[in-house]
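# A closer look at the structure
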Amino acid sequence: MENSRTEKKHNHTHSHEHTKDVSNRLARAIGHLQKVKQMVESGDDCSDVLIQLAAVKSAINNTGKVILKDHMEHCIVHALEDGNIEMIEELNNAIDKFMK
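The following refers to the structure shown. Predicted model only: the values in this text are computed from it and were never measured. (Residues numbered from 1 in each chain as written. Predicted model: local features only at pLDDT ≥ 70, side-chain atom pairs only at ≥ 80, totals over all residues. Heavy atoms only, no water.)

### Comments concerning helix α3 (residues 46–81)
Its 36 residues place the ends of α3 51 Å apart at the C-alpha level, agreeing with the 52 Å of an ideal helix rising 1.5 Å per residue. Along α3, the sharpest change in direction is near 35° and occurs at H71. When α3 is considered as a whole, its buried residues turn out to be V49, Q52, V56, A59, T63, G64, V66, D70, H74, C75, I76 and A79. With a side-chain oxygen lying 3.0 Å from the backbone nitrogen of S47, the N-terminal cap of α3 falls on D45. Remark: G83 follows α3 within two positions and exhibits a positive phi of approximately 80°. (Helix = DSSP H or I, 4+ residues; strand = E, 2+ residues; numbered from the N terminus. Expected span 1.5 Å × (residues − 1). Bend = angle between axes of the 7 residues up to and from the residue. Buried < 20%, exposed > 50% of the residue type's maximum accessible area, 1.4 Å probe, protein only. Polar contact = N/O pair within 3.5 Å; in protein donor to acceptor, adjacent residues only side chain to side chain.)

### A few points about the pattern of salt bridges
Tallying each qualifying case throughout the model produces two salt bridges. For the salt bridge of K37 with E41, the shortest nitrogen-to-oxygen distance reads 2.8 Å. Of this pair, K37 and E41 both sit in helix α2 (residues 19–41), four residues apart, roughly one helical turn. Take K37: its relative accessible area is 52%, and that puts it in the exposed class. Of the residues examined, E41 reaches a relative accessible area of 57% and is grouped as exposed. (Salt bridge = Lys/Arg side-chain N within 4 Å of Asp/Glu carboxyl O.)

### Details of the nonpolar core
Side chains that are nonpolar tend, in soluble globular proteins, to be buried together. Counting five residues, the largest nonpolar core is built from C75, I76, A79, M87 and L91. Of all the elements in the fold, those that place two or more residues in this core are α3 and α4 (86–99). Per-element tally for this core: the top contributor is α3, with three residues. Setting aside residues up to four positions removed in sequence, L91 forms contacts with L68, H71, M72 and I76. (Core = buried A, V, L, I, M, F, W, Y, C linked by side-chain atoms within 4.5 Å. Contact = heavy atoms within 4.5 Å.)

Take a look at the structure:
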């Protein structure tokens with residue numbers, strides 16, 4: 001089975017200026033998620049677990065915003081310059097999946 005990522009053709013290099021920021025944000029989200037797991041395993045109060053889960057969701061959503069902005073500023077701009085209108089449809093699909 002082919003991976004859909006290998007099927008997509010981009011005519012530009014993916015070098016985003018926010019890669020380090022995204023990596024740091026993901027590390028924080030992973031830390032929050034590990035804390036949630038520990039809290040559940042140790043029987044912590046459900047309210048505290050839910051608050052920690054909210055931090056995970058927020059971290060993921062904010063990371064997604066950074067990636068989306070990077071994608072629009074680089075990938076979409078390059079795709080439109082190259083006449084690749086399919087990228088707009090791909091972006092719309094990605095936003096729909098991210099927002100679920």
